[in-house]
Amino acid sequence: LVHTSFRYVNEEGQLTDEGPQRMDNPCVGDCLDVMLHEFLVLFSSVMVRRSIVDQAAKAEAHGQPFDSRWTNSQDYDLCLRCARFGSFAYVAQPLTLYRIHGGHGAMGNLPRAFGFHSRVQMDFVKRYGSEVGIDEAEIKRRVATFIGGRAESAFWQRQFETALKLCALAKELGVHGPRFEAVEKKASRPVWIYKMKDRIDRLIGKKR
């Protein structure tokens with residue numbers, strides 16, 4: 001399987017980023033363990049041998065390249081399954097343009113998208129974890145790290161509703177803990193407190 005670097009563009013095809021994305025992508029060679037931390041392959045850029053896709057399909061009860069359970073993460077699921085049968089190569093050139101529509105983020109509803117992402121991870125390890133030495137406890141730790149980082153990022157971007165939804169997702173997945181409790185506590189405070197704090201920070205920054 002081969003994948004490439006990429007650039008973000010808007011609806012008019014104009015570049016909206018500061019340069020090529022993921023130039024030092026770690027998903028190279030035997031990268032199944034790397035991908036079970038986070039999916040860093042842009043599927044729009046992927047080329048893969050048909051024989052590998054066929055192997056990945058035949059290994060499943062449904063016998064298909066894509067699993068219908070994973071509405072928002074079928075690409076992730078397929079790449080994990082392909083990684084069982086072949087290595088990955090990476091072209092560190094932005095040969096793909098990724099279009100963002102209507103000012104929305106690349107993944108739209110983040111709690112929903114991250115939920116599919118994490119369930120794919122956990123389901124894959126349940127079936128094939130013994131092949132790479134990853135058990136249920138380890139994949140839950142990785143899922144908690146992944147979602148926890150996104151919840152904290154949402155909070156610092158003042159996206160409180162998203163942060164709380166990600167904490168709720170952690171509960172659904174059985175990975176909730178002190179890290180999420182801290183985010184929930186902060187994101188549940190009145191919004192005006194943070195508006196005032198941000199205003200004060202900006203004023204102090206200008207004086208400096």
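Given the structure is predicted, the values throughout are model-derived calculations rather than measurements.

About the thresholds
Residues numbered from 1 in each chain as written. Predicted model: local features only at pLDDT ≥ 70, side-chain atom pairs only at ≥ 80, totals over all residues. Heavy atoms only, no water. Helix = DSSP H or I, 4+ residues; strand = E, 2+ residues; numbered from the N terminus. Buried < 20%, exposed > 50% of the residue type's maximum accessible area, 1.4 Å probe, protein only. Areas by Shrake-Rupley, 256 points an atom, 1.4 Å probe, with all protein chains shown as cover. Lys, Arg positive; Asp, Glu negative; His and termini not counted. Charge placed at Lys NZ, Arg CZ, Asp CG, Glu CD. Axes fitted to C-alpha atoms, helices over the stretch in contact; angles between N-to-C directions. Parallel < 35°, antiparallel > 145°, perpendicular 65-115°, else oblique. Left-handed = near helix turned anticlockwise from the far one by under 90°. Contact = heavy atoms within 4.5 Å. Nonpolar A, V, L, I, M, F, W, Y, C, P; charged D, E, K, R; others polar. Patch = residues over 30% accessible without salt bridge, like charges linked within 9 Å, V, L, I, M, F, W, Y side chains within 5 Å. Salt bridge = Lys/Arg side-chain N within 4 Å of Asp/Glu carboxyl O. Expected span 1.5 Å × (residues − 1).

Draft legend 1. Local environment of the overall build of the chain. On a plain count of helices and strands, the chain comes out with 8 helices and 2 strands. Put simply, the chain runs from its N terminus to its C terminus through helices and strands in the order β-α-α-α-β-α-α-α-α-α. Overall, the C-alpha framework of the chain stretches about 60 × 40 × 30 Å when taken along its three principal axes. In the chain, which comprises 208 residues, the share counted as buried stands at 40%. Accessible area for the chain stands at about 12000 Å²; split by element, carbon and sulfur atoms hold 52% of it. Distance between charge centres in the chain, computed from 31 positive and 25 negative side chains, equals 6 Å.

Draft legend 2. Structural context of the packing of helix α5 (residues 136-156) against helix α7 (residues 178-187). Between α5 and α7, whose axes approach to 10 Å, the crossing angle comes to 20°. Overall, the two elements α5 and α7 adopt an arrangement that is roughly parallel. The handedness of the crossing between α5 and α7 comes out as left-handed. The segment α5 lies against α7, with Ala144, Thr145, Ile147, Gly148, Gly149, Ala151, Glu152, Phe155 and Trp156 engaging Arg179, Phe180, Val183, Lys186 and Ala187.

Draft legend 3. Up close: the packing of helix α4 (residues 110-132) against α5. With their axes 9 Å apart at the nearest point, α4 and α5 run at an angle of 165° to one another. For the element pair α4 / α5, the angle class is roughly antiparallel. Relative to α5, the crossing made by α4 is right-handed. Of the residues in α5, those touching α4 at Phe114, His117, Ser118, Gln121, Met122 and Val125 are Glu136, Ile139, Lys140, Val143, Phe146, Ile147 and Arg150. Residues of the contact of α4 with α5, tallied by class, amount to 7 nonpolar, 3 polar and 3 charged.

Draft legend 4. Highlighting a nonpolar patch on the surface. A contiguous nonpolar surface patch, about 480 Å² in accessible area, is contributed by Trp192, Ile193, Met196, Ile200 and Ile204. Note on placement: Ile193 falls in helix α8 (residues 191-207).

Draft legend 5. View of helix α6 (residues 160-173). Here α6 contains 14 residues, and its C-alpha end-to-end distance of 20 Å stays within 8% of the 20 Å for a straight helix at 1.5 Å per residue. Among all positions of α6, only Phe160, Thr162, Ala163, Leu166, Cys167, Leu169, Ala170 and Leu173 are buried. Of the residues trailing α6, Gly174 is marked for its positive phi of about 75°.

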